[in-house]
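Letter by letter, the chains look like this.
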Amino acid sequence: ALGGQGAPLVPIGDALLFSDYDYCLNLGGFANISFDQNNKRIAFDICPVNIVLNHYVSSMGMAYDSEGQIAAKGRVCKPLLKKLNELKFYTLEPPKSLGLEWVQSEILPLIQTYELEVPSVLRTLVEHCAIQLSNILNQNHLRKGLITGGGVFNSFLMQRFSELTKCDLHPANPTIIEFKEALIFGFLGILKLRNEPNCLQSVTGAKHDHSSGAIYFPEIKQ
């Protein structure tokens, strides 16, 4: 309604609840990050993670690749990796966000042009994710981070990510991993009740900061 991106929504919570960290990184269906830059909070999607990994491992009758064990057995397809890293999205400046439609139109057709076994698809995707994630951290000189999301349980992905960033990456404790998003969405509701900004112009590209959402009170019958 105010001309901005629809996501991400959690950066205000990152800034106010987890200010001890240089950045907050979530490895969910997509990887997204938020951090302070020039006295403003910026945030954006980085790349697809579990939305693509889980899609391919599902063909093997699994919900996910536990600890990245299947990916670790595959081989990187260098031509595919090059094509993935050259996708236009990675050249865009924030604000920017990704969605399922982008995966369906850009990622899946590209992978399908290569006749690869699932382990090699997963291995190439892990390498792609690790490269894109490390690029953001290295380019912005980010060191101390809060890392959450299901992707942190993919040990192989975290290993490759750590190797490319050349710094120690410490996932958040399991409780924060499980509940961080729910915690922040509850916090967004509190900000709305107080009529304080819960959505930042610097994150979404909207016309101004605003208190997003609507409050509905239950009808009390006498």
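Going by the structure above, here's the rest.
All of the points below concern the structure found in this document. Predicted model, so just to flag it, every value in this text is computed and none were measured.

### Quick look at the packing of aromatic side chains
Within the structure shown, the criterion is met by four aromatic pairs. Seen from their ring centres, F35 and F44 are 6.3 Å apart, and the 80 degrees between their planes marks the pair as edge-to-face. For F44, a relative accessible area of 5% puts it in the buried group. For the ring pair Y90 and W102, a centre distance of 6.5 Å and an interplane angle of 85 degrees mean the geometry is edge-to-face. Linking Y90 in the loop between α4 (78-85) and α5 (100-112) with W102 in helix α5, this pair joins segments that are twelve residues apart in sequence. One exposure class covers both Y90 and W102, and it is buried. Looking at K96, its charged tip hangs above the ring of F89, at a distance of 4.5 Å from the centre. The positively charged end of K144 is found above the aromatic ring belonging to Y21, 5.5 Å away from the centroid.

### Some thoughts on the pattern of salt bridges
Evaluated as defined, the whole model comprises seven salt bridges. Between D14 and K180 there is a salt bridge, and its shortest N-O distance comes to 2.8 Å. Residue D14 is located in helix α1 (residues 11-17), and its partner K180 is located in helix α8 (residues 174-193); the two are separated by 166 residues in the primary sequence. Residue D14 shares its accessibility class with K180, and that shared class is buried.

What counts and how
Residues numbered from 1 in each chain as written. Predicted model: local features only at pLDDT ≥ 70, side-chain atom pairs only at ≥ 80, totals over all residues. Heavy atoms only, no water. Phe/Tyr/Trp six-rings, centres within 6.5 Å; stacked < 30°, edge-to-face > 60°. Buried < 20%, exposed > 50% of the residue type's maximum accessible area, 1.4 Å probe, protein only. Helix = DSSP H or I, 4+ residues; strand = E, 2+ residues; numbered from the N terminus. Lys NZ or Arg CZ within 6 Å of the ring centre and 35° of its normal. Salt bridge = Lys/Arg side-chain N within 4 Å of Asp/Glu carboxyl O.

Shape is all these values report; function is a separate question.
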